[in-house]
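One letter stands for each residue in the lines below.
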Amino acid sequence: MTAIDPENKTYDLFVIGGGINGCGIARDASGRGLSVALAEMNDLASATSSASTKLFHGGLRYLEYFEIRLVREALKEREVLLQAMPHISWPMRFVLPLHKDMRFEGGTPTSRLLGVFMPWLRGRRPNWLIRFGLFLYDNLGGRKILPGTKTLKLHDDVAGRPLLEKYRKAYEYSDCWIEDSRLVVLNARDAENRGAQIMTRSKVTLATRVDGIWHLTVEDQISGESSVFKAKVLVNAGGPWVEDIIKNTAGIKKSAGVRLVRGSHIVTKKLYDHDKCYFFQGSDGRIIFAIPYENDFTLIGTTDAEHTDLDTKPECTEGEADYLRKFASEYFKKPVEAGDIVWTYSGVRPLYDDGASSATAATRDYVLTVRDEAGAPMLNVFGGKITTYRRLAESALEKIAAYFPDLSDKWTAGVALPGGDFPVDGVVDLISALKSEFPFLDDFWAKRLVKAYGTLAREVLAGAKSAVDLGQDFGASLTEQEVRWLMANEYVVTAEDVIWRRSKLGLRLSEAEKAGLESWFAGISLS
């Protein structure tokens, strides 16, 4: 059965896709006074946007592809975003060990240029070029918060202790961490706070133009019921499904192409004790990161592999995991063994198909196209990276501004996301204040709550005088009151939503504890 949207209204914007781009556009548009509805067929951030390397970074290696505009925009965004979400994002220092065998990945514009003018390098990446790249990295976007690059003598620095003795020198530079799936949820929450309608587990099965208005059939993936929504402009932010939505949902046969590139990561037992990250360059010219993760683990990634079938769930293959282990083991004194891996994850990046020769070389820049047929425009989002999501949203609104003459100006720069209304350096004070107000919290629990919810952590714990007041204890500091708060405020429906996207407590919960949480959700759905 298909019903008409209960409000029977025509929205200004209807967004397909609950990843970072869709939620970022919905937030920006709602804040400018547009009426917005968003439909995500699964949970928010259930695909690409929860499977990143968790970094706000300029993309140092993109300089070798001469993607100067993308790098400059991303570098500028780092500090803008830090100030808007200091609970889920923070500065990190990256250590790039140097060695004589560093090489370019074949075919980069920089390697081709040096091959002509400095053929004696024979594909090697010289130290002076790396330092010049880091000089650009420090200065292209401007910095007020993040410190610049410095040179390390690894034998005298804590960062050198886990590394093989042959690594004696490194460069250390700045980038930022981001809790990617929480970023998506907070953008959705802020969009809803500003008037947007956010619908999860809601799949758009048909999009048609009728008298200059989009009619969108939306199927509830839980109940099976369908409703029809109307909108002046359709935004296709379907991520890996962007081309499928154009051709099969909207019935438009001609479309720009999307290149699906799988990026896989491994999470291991903690490999070192300091809080710095590593940027490793391999003999094949590729790079990976090794990053402190969730206090007690190390995150290593990523790979770049073609992914041709949307119906195949992206998974880290045994070959990819072995590649990452062996790559990291070229640097660490203690080799990374298969038994060190505690979790793997993989996501598909929907890159704009620019005809690049390899998955690694494909552009990470975003491309926005508008199709205006029969007076009903459709904005399609190709590519992009999590660091530039806010600027992508601004660019998207610029693309469709002509359809909304009264559209207000851009506004999101520096405006706090929910829970982020405190200073960049205020996390420690916020943790201390939370422990003072709720004395039953231990250090891990208080820090986890602040890093997830910021100033809203008090709301999560509201009314509790002791841990018992928070209801059932699911393990790893997760309580019934927190889960119910997530259901009421962050679109949670399943146990997986809680332990893998709203948090990463799945790394800490035992199989029995996970089963207990799933049973609790089953009981809720039956009641």
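### Concerning the overall build of the chain
Counting its secondary structure elements, the chain contains 14 helices and 21 strands. In summary, the chain has a C-alpha radius of gyration of 23 Å against a globular reference of 24 Å for 527 residues, a match within 12%. Dimensions of the chain, computed from the C-alpha atoms along their principal axes, are close to 70 × 60 × 40 Å. Roughly 21,600 Å² of accessible area belongs to the chain as shown, and the carbon and sulfur atoms make up 51% of that amount. For the chain, the separation between the mean place of its 67 positive charges and that of its 71 negative charges on side chains is 7 Å.

### Looking at helix 12 (residues 480-489)
Among the residues of helix 12, those classed as buried are E480, E482, V483, W485 and L486. Positioned one or two residues after helix 12, Y491 has a phi angle of 65 degrees, which is positive.

### What about the environment of K54?
As for its placement among the helices and strands, K54 is situated in the loop between strand 3 (36-39) and strand 4 (55-56). Between the alpha carbons of K54 and Y293 there is a distance of 9.8 Å; along the sequence they are 239 residues apart.

### Digging into unusual backbone geometry
Cis geometry marks the peptide bond from G301 to T302, where omega comes out at 15 degrees. When you line up the elements, T302 lands in the loop between strand 15 (297-301) and strand 16 (305-306). Notably, A45 is not glycine yet its phi reads approximately 60 degrees, a positive angle. Position of A45 among the secondary structure elements: in the loop between strand 3 and strand 4. You will see that E294, though not glycine, has its phi angle at about 50 degrees, which is positive. Within the secondary structure layout, E294 lies in the loop between strand 14 (287-293) and strand 15.

### Remarks on the packing of aromatic side chains
Taken as a whole and judged by the stated rule, the model has 25 aromatic pairs. Seen from their ring centres, F94 and Y173 are 5.6 Å apart, and the 25 degrees between their planes marks the pair as stacked. Remark: Y173 occurs in strand 7 (residues 169-178) and F94 occurs in strand 5 (residues 89-97); sequence separation between them is 79 residues. A relative accessible area of 1% places F94 in the buried class. For the pair Y278 and F280, a centre-to-centre distance of 5.3 Å together with 20 degrees between the ring planes defines the contact as stacked. Of the two residues, Y278 and F280, neither departs from the other in class, the shared state being buried. An aromatic cluster is built from Y167, Y272, Y278, F280, Y331 and F332, whose rings are joined through pairwise contacts. Over the ring of W90 we find K451; its NZ or CZ atom is 3.6 Å from the centre of that ring.

### Re the pairing of strand 11 (residues 226-236)
Extensive coverage of strand 11 is indicated by the burial of eight of its 11 residues. The pairing of strand 2 (residues 10-16) with strand 11 spans six bridges and is parallel. Residue Y11 lies in a different strand from strand 11, and its bridge partner there is A231. With six bridges connecting them, strand 10 (residues 213-220) and strand 11 associate as antiparallel partners. Among the inter-strand pairings, V218 is bridged to a residue of strand 11, identified as S227. Connecting strand 10 to the next strand, strand 11, in antiparallel fashion are five residues, including G224 with a positive phi near 85 degrees. As paired elements, strand 11 and strand 19 (residues 376-383) share three bridges and run parallel to each other. The residue of strand 19 that forms the bridge with L234 is M378.

### Focus on the environment of M378
Position of M378 among the secondary structure elements: in strand 19. Separated by 142 residues in the primary sequence, M378 and N236 have C-alpha atoms spaced 7.1 Å apart. Those residues within four positions of M378 in sequence are excluded, and the remaining contacts are R209, W214, L234, N236, I245, I246, A250, I252, T369, V370 and R371.

### Some thoughts on the side chain of R501
Mapped onto the elements, R501 comes out in helix 13 (residues 495-502). Once residues within four sequence positions are removed from consideration, R501 is found in contact with D43, L44, A45, S46, S50, S181, R182 and E496.

### Quick notes on the state of the cysteines
Covalently bonding the sulfur atom of one cysteine to the sulfur atom of another cysteine gives a disulfide. One pass over the full model with this rule turns up zero disulfides. As a non-bridged cysteine, C176 has C277 as the owner of its nearest cysteine sulfur, 10 Å distant. Judged by its relative accessible area of 0%, C176 is buried.

### Concerning the pattern of salt bridges
Under the definition given, this model contains 36 salt bridges. As a salt-bridge pair, D43 and R201 come within 3.7 Å of each other at their nearest N and O atoms. Residue D43 is found in the loop between strand 3 and strand 4, and its partner R201 is found in the loop between strand 8 (197-199) and strand 9 (202-210); the two are separated by 158 residues along the sequence. An identical accessibility class is assigned to D43 and R201; each is buried. Here E490 ties to R182 by a salt bridge, and the two come within 2.7 Å at their closest N and O atoms. Placement of the pair is E490 in the loop between helix 12 and helix 13 and R182 in helix 5 (residues 180-193), with a sequence separation of 308 residues. The exposure classification of E490 matches that of R182, with both residues buried.

### Brief notes about the side chain of T302
When its relative accessible area of 14% is taken as the criterion, T302 is described as buried. A polar contact is formed between the side chain of T302 and the backbone nitrogen of S264, at a distance of 3.2 Å. Among all residues touching T302, those that are not within four sequence positions of it are T53, G263, S264, H265, R286, I287, I288, L324 and R349.

### Re the pairing of strand 13 (residues 277-281)
The side chains of a regular strand alternate between the sheet's two faces. Most of strand 13 is tucked away, with five of its five residues classed as buried. Burial along strand 13 is two-sided: the face carrying C277, F279 and Q281 and the face carrying Y278 and F280 are both buried. Of the strand pairs in this sheet, strand 5 and strand 13 are connected by two bridges, and their pairing is parallel. Directly across from V95, in strand 13, lies its bridge partner Y278. Remark: five residues form the turn of the hairpin made by strand 13 and strand 14, two consecutive strands paired antiparallel; G285 in that turn has positive phi of roughly 90 degrees.

Thresholds applied
Residues numbered from 1 in each chain as written. Predicted model: local features only at pLDDT ≥ 70, side-chain atom pairs only at ≥ 80, totals over all residues. Heavy atoms only, no water. Helix = DSSP H or I, 4+ residues; strand = E, 2+ residues; numbered from the N terminus. Rg over C-alpha atoms; globule rule 2.2 N^0.38 Å. Areas by Shrake-Rupley, 256 points an atom, 1.4 Å probe, with all protein chains shown as cover. Lys, Arg positive; Asp, Glu negative; His and termini not counted. Charge placed at Lys NZ, Arg CZ, Asp CG, Glu CD. Buried < 20%, exposed > 50% of the residue type's maximum accessible area, 1.4 Å probe, protein only. Phe/Tyr/Trp six-rings, centres within 6.5 Å; stacked < 30°, edge-to-face > 60°. Lys NZ or Arg CZ within 6 Å of the ring centre and 35° of its normal. Pairing = 2+ DSSP bridges. Contact = heavy atoms within 4.5 Å. Disulfide = S-S within 2.5 Å. Salt bridge = Lys/Arg side-chain N within 4 Å of Asp/Glu carboxyl O. Polar contact = N/O pair within 3.5 Å; in protein donor to acceptor, adjacent residues only side chain to side chain.

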